[in-house]
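Survey of secondary and tertiary structure
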Amino acid sequence: MSLSEVRANIDAQLQVSGRTGDQVELIAVSKVQPLDRVEAILSKGQRVFGENRVQEAAGKWPAFRERYENVVLHLIGPLQTNKARQAMELAQAIHSVDRPKLATTIARLAQEMGSCPDLFIQVNTGEEPQKAGILPADTDAFVAQCRELDLPICGLMCIPPVYEESALHFALLAKMAERNGLTGLSMGMSGDYEKAIRFGATHVRVGSAIFGERQG
Ligand SMILES: *Cc1c(COP(=O)(O)O)cnc(C)c1O
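We now turn to the structure provided with this report. Everything quoted here is computed from the prediction, not taken from an experiment. (Residues numbered from 1 in each chain as written. Predicted model: local features only at pLDDT ≥ 70, side-chain atom pairs only at ≥ 80, totals over all residues. Heavy atoms only, no water.)

Helix and strand content of the protein chain: 9 helices and 8 strands. By the compact-globule yardstick of 17 Å for 216 residues, the protein chain fits well, its C-alpha radius of gyration being 17 Å. Within the span of the protein chain, comprising 216 residues, buried residues form 49% of the whole. Within the protein chain, contacts between residues at least 6 apart in sequence are counted, and of these 59% link residues at least 24 apart. For the protein chain, the exposed surface amounts to about 10,300 Å²; the carbon and sulfur share of it is 49%. When the 23 positive and 26 negative side-chain charges of the protein chain are each reduced to one mean point, those points stand 3 Å apart. (Helix = DSSP H or I, 4+ residues; strand = E, 2+ residues; numbered from the N terminus. Rg over C-alpha atoms; globule rule 2.2 N^0.38 Å. Buried < 20%, exposed > 50% of the residue type's maximum accessible area, 1.4 Å probe, protein only. Contact = heavy atoms within 4.5 Å. Areas by Shrake-Rupley, 256 points an atom, 1.4 Å probe, with all protein chains shown as cover. Lys, Arg positive; Asp, Glu negative; His and termini not counted. Charge placed at Lys NZ, Arg CZ, Asp CG, Glu CD.)

This is the structure:
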């Protein structure tokens, strides 16, 4: 696989699913990848990247940003409230808003900073105890709460359980977004981004298919 193949596959899936006018944001997930691999993808013109740790992103991206313009960073991993400020300074989008305490912290910081990244609410569609995300049953109320806080919620995000058919989770997430009037759907990774597009994904998070396997 390569960046250009992934892009071609995305376009093909948009055609297949009758979404010809649509755009899907390809987020190249660069976590843990060696810097030379990230640089190679930057030099091919990719500008939208995903990281799942604030610390790692902070160590890597300021230097790249000095050399490449228009880099857009999406934070896709779990976020501790004490890292929220740093995350908001670094990233243009956060995909892991998943609890009231984090939402109120982000709202307070957004007031203070006068800006806020685009936000996705992470839903734990598989109801897995070890996984981040708000439970499906609590999602509608949480969306409403985020709106009361004036947060710029643009959609929902999920990571399906590894050993389940991801289509079920994509369909569920799409339904929850629709009934809440949200248009953004962050779903699909290297193994299932094509399927996610058929279920309406607007943002796919693709790591190993672009960069190769992660080491460590
Ligand atoms: C690592 C990661 C990805 C990318 O996974 P690949 O299987 O390498 O494409 C996507 N989303 C999240 C939340 C991740 O942590």
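There's more to say after this.
Surrounding the ligand, one finds Val 29, Lys 31, Asn 52, Ile 76, Ile 159, Met 189, Ser 190, Arg 205, Val 206, Gly 207, Ser 208 and Arg 214. Between the ligand and Arg 205 there is a distance of 2.9 Å, counted from a nitrogen atom to a side-chain nitrogen or oxygen. Ser 208 places a main-chain nitrogen or oxygen 2.8 Å from an oxygen atom of the ligand. Here the ligand, which alone exposes 380 Å², has 89% of that area covered by the protein. Taken together, the residues that form the shell around the ligand break down as 5 nonpolar, 4 polar and 3 charged. (Near = heavy atom within 4 Å. Polar contact = N/O pair within 3.5 Å; in protein donor to acceptor, adjacent residues only side chain to side chain. Nonpolar A, V, L, I, M, F, W, Y, C, P; charged D, E, K, R; others polar.)

A word on the pairing of strand β5 (residues 118-122). Of all the 5 residues making up β5, 4 are buried; the element is thus mostly covered by neighbouring parts of the structure. Pairing of strand β4 (residues 93-97) with β5, which is carried by 3 bridges, proceeds in the parallel orientation. Residue pairing for β5: Ile 94 is matched across the bridge by Leu 119. For the handedness criterion, the β-α-β arrangement of β4, helix α5 (residues 100-113) and β5 is classed as right-handed. Sheet analysis places β5 next to strand β6 (residues 153-157), joined by 4 bridges and oriented parallel. By the bridge assignment, Phe 120 is partnered in β6 with Gly 155. Regarding the hand of the β-α-β motif, the stretch spanning β5, helix α6 (residues 136-148) and β6 is right-handed. (Pairing = 2+ DSSP bridges. Right-handed = clockwise from strand over helix to strand, strands pointing away.)

Per the counting criterion, the structure on display carries 2 aromatic pairs. The interplanar angle of 40 degrees and the centroid separation of 4.7 Å between the aromatic rings of Phe 49 and Trp 61 together place this pair among those described as tilted. Note that Phe 49 is positioned in strand β2 (residues 48-51) and Trp 61 in helix α3 (residues 54-67), a separation of 12 residues in sequence. Taking the relative accessible area as the measure of exposure, Trp 61 reaches 0% and is therefore buried. Taken together, a centroid distance of 5.1 Å and an interplanar angle of 55 degrees make the contact between Trp 61 and Phe 64 tilted. Of this pair, Trp 61 and Phe 64 are both found in helix α3, 3 residues apart, which corresponds to roughly one turn of the helix. Accessibility assignment for this pair places Trp 61 and Phe 64 in one class, buried. Members of the aromatic cluster, connected to one another through ring pairs, are Phe 49, Trp 61 and Phe 64. (Phe/Tyr/Trp six-rings, centres within 6.5 Å; stacked < 30°, edge-to-face > 60°.)

So, on to the nonpolar core. Formed by 60 residues in total, the largest nonpolar core has its most connected members in Ile 10, Phe 49, Trp 61, Ile 121, Leu 156, Val 204 and Ile 210. Those residues in contact with Val 204 that sit more than four places away from it in its chain are Ile 10, Val 24, Glu 25, Leu 26, Ile 27, Met 187, Gly 188, Tyr 193 and Ile 197. (Core = buried A, V, L, I, M, F, W, Y, C linked by side-chain atoms within 4.5 Å.)

A separate point is the layout of surface pockets. The computed volume of the largest pocket comes to approximately 760 Å³. Along the wall of the largest pocket there are 32 residues; nearest its centre are Lys 31, Asn 52, Ile 159, Met 189 and Arg 205. Looking at the lining of the largest pocket residue by residue, the classes come out as 13 nonpolar, 11 polar and 8 charged. (1 Å grid on protein atoms, 1.4 Å probe; cavity = no way out; pocket = protein on both sides within 12 Å on 5 of 7 lines; lining within 4 Å. Points joined across faces, edges and corners; volume = space filled by probe spheres on them.)

By the criterion of burial, β6 is predominantly enclosed, with 4 of the 5 residues buried. As judged from the 3 bridges shared by β6 and strand β7 (residues 184-186), these two strands associate in the parallel manner. Bridge pairing links Met 157 to Ser 186 in β7. After leaving β6, the chain enters helix α7 (residues 166-179) and then returns to the sheet as β7, a path that is right-handed.

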